[in-house]
Amino acid sequence: MIDIENLSKSYGDKTVLENITLNLVKGKVYGIVGENGAGKTTLFNCISGLEKYRGTINCEYGIPKISLGYLQTEPYFFSKITGLEYLKLLCNARNLEPLDFIEKNIFDLPLNEYAINYSTGMKKKLALTAILLQENKFFILDEPFNGVDIHSNMIITEIIQQLKRLDKTILISSHIFSTLNETCDEIFLLKNKTISMRVKKEQFGILENEMKDYSIGNRISKLNLK
Ligand SMILES: Nc1ncnc2c1ncn2[C@@H]1O[C@H](COP(=O)(O)OP(=O)(O)OP(=O)(O)O)[C@@H](O)[C@H]1O
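Quick caveat: nothing in here was measured; it's all calculated off a predicted structure.

## Structural notes on the overall build of the protein
Helix and strand counts for the protein stand at 8 helices and 9 strands. Compactness check: the protein gives a C-alpha radius of gyration of 18 Å against a globular reference of 17 Å for 226 residues, within 12% of the reference. Referenced to the eigenvectors of the C-alpha coordinate spread, the extents of the protein come out at roughly 55 × 50 × 40 Å. The burial tally for the protein puts 46% of its 226 residues in the buried class. In the protein, once contacts between residues fewer than 6 apart in sequence are set aside, the share between residues at least 24 apart is 65%. The distance from the centre of the 28 positive side-chain charges to the centre of the 27 negative ones in the protein is 4 Å.

So this is what it looks like as structure tokens:
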């Protein structure tokens, strides 16, 4: 279980997150939606210990460094590291037994090439493979479906469902509502610096309609499309 209480984050005098309280349990998939700039990545960076924050986070799995698999929107790679070396590095960080990485390469990535030269989708798949091989207990996936091809999207959806069955805790952000619909047990709406709405699976339709009304409103008619 991960208990986040009254988490707030500011950059200088700009407050991005205010009093976020969330309780994330094992075997559940949580989605987080919000406009560009709402603070989703900032929240993930705070939970993963990459940013300082006010408030408390208690995680039964221990510190993020030993238990969290964080897939960042744009994963970072050293300039002269191959895909294979990256997988080895991340597995070594968890003191795992040597693995057959060729067999584990489920996305058919060119593991002998430099990771920095991979396409956006390939980089995401490499980073995802690495955190999955690490046998983490808790996963934060920041836009895991963005930029990856349709086959990989299907694989990632199935992976999330399997992680849930393995009793992991998973927090995902996405701008594509249908991907969250398929995978999540609960969705949080991050708006006005805080969690302004939380809905269980049965009410996802209500949230989607509310977001559509709010997002689209009368904006398109202003274009006077011809
Ligand atoms: N290091 C930083 N310094 C100053 N401001 C920052 C920093 N990182 C993020 N911000 C600001 O915090 C706000 C939230 O950004 P964040 O990246 O968390 O949003 P997001 O919800 O993930 O957006 P998107 O959907 O576009 O990825 C933005 O206004 C952003 O400019």
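## Remarks on the site of the ligand
If you check the shell around the ligand, you find 13 residues, and the closest are Lys14, Gly37, Lys40, Thr41 and Thr42. A total of 640 Å² of accessible area belongs to the ligand in isolation, and the protein chains cover 62% of it. The set of elements that each furnish at least two residues to the shell around the ligand consists of strand E2 (14-24) and helix H1 (40-47). Ranked by the residues each element gives to the shell around the ligand, the list is headed by H1, at 3 residues.

## Here we look at the sheet that holds strand E4 (residues 54-59)
What the 3 strands build is an open sheet, ordered E2-E1-E4; its pairing is antiparallel. The open sheet has two free edges, formed respectively by E2 and E4, since each of these has just one partner strand. Looking at each pair of strands side by side, their axes are set apart by 20 degrees on average, direction ignored. Looking at chain direction, strand E1 (residues 2-11) and E4 are connected through 5 bridges and run antiparallel. Bridge pairing in E4 links isoleucine 2 to cysteine 59. Lying over the sheet, H1 contacts E1, E2 and E4, oriented at roughly 120 degrees with respect to E1.

## What about the pairing of strand E6 (residues 138-142)?
Each regular strand carries side chains that alternate between the two faces of the sheet. In terms of residue burial, E6 counts as a mostly covered element, since 5 of its 5 residues are buried. Of the pairings in the sheet, the one linking strand E5 (residues 68-71) to E6 comprises 4 bridges and is parallel in character. Residue pairing for E6: leucine 68 is matched across the bridge by phenylalanine 138. Note: E6 against strand E7 (residues 169-173), 5 bridges, orientation parallel. Opposite isoleucine 140, over in E7, you have leucine 171 as the bridge partner. In this view, the connection linking E6 to its parallel neighbour E7 by way of helix H6 (residues 150-165) has right-handed handedness.

## Some details on the pairing of E7
Of all 5 residues making up E7, 5 are buried, and the element is well covered by its neighbours. Here strand E3 (residues 29-33) pairs with E7 via 4 bridges, running parallel. The residue of E7 that forms the bridge with valine 29 is isoleucine 170.

## Remarks on the state of the cysteines
According to the stated counting rule, one finds 0 disulfides in the structure shown. Sulfur of cysteine 59: no disulfide; nearest cysteine sulfur belongs to cysteine 46 and is 15 Å away.

## Structural notes on the sheet that holds E3
What the 6 strands build is an open sheet, ordered E5-E6-E7-E3-E8-E9; its pairing is mixed. Edge positions in the open sheet fall to E5 and strand E9 (194-200), since each of these has one partner strand only. Taken pair by pair, the neighbouring strands of this sheet meet at an average axis angle of 15 degrees, ignoring direction. Along the sheet face, helix H5 (residues 120-133) touches E5 and E6 and points at about 175 degrees away from the line of E5. Strands in contact with helix H8 (residues 204-216) are E3, strand E8 (186-191) and E9; relative to E8, the strand with the most contacts, it is inclined by about 25 degrees.

The rules behind each value
- Residues numbered from 1 in each chain as written.
- Predicted model: local features only at pLDDT ≥ 70, side-chain atom pairs only at ≥ 80, totals over all residues.
- Heavy atoms only, no water.
- Helix = DSSP H or I, 4+ residues; strand = E, 2+ residues; numbered from the N terminus.
- Rg over C-alpha atoms; globule rule 2.2 N^0.38 Å.
- Buried < 20%, exposed > 50% of the residue type's maximum accessible area, 1.4 Å probe, protein only.
- Contact = heavy atoms within 4.5 Å.
- Lys, Arg positive; Asp, Glu negative; His and termini not counted.
- Charge placed at Lys NZ, Arg CZ, Asp CG, Glu CD.
- Near = heavy atom within 4 Å.
- Areas by Shrake-Rupley, 256 points an atom, 1.4 Å probe, with all protein chains shown as cover.
- Pairing = 2+ DSSP bridges.
- Axes fitted to C-alpha atoms, helices over the stretch in contact; angles between N-to-C directions.
- Right-handed = clockwise from strand over helix to strand, strands pointing away.
- Disulfide = S-S within 2.5 Å.

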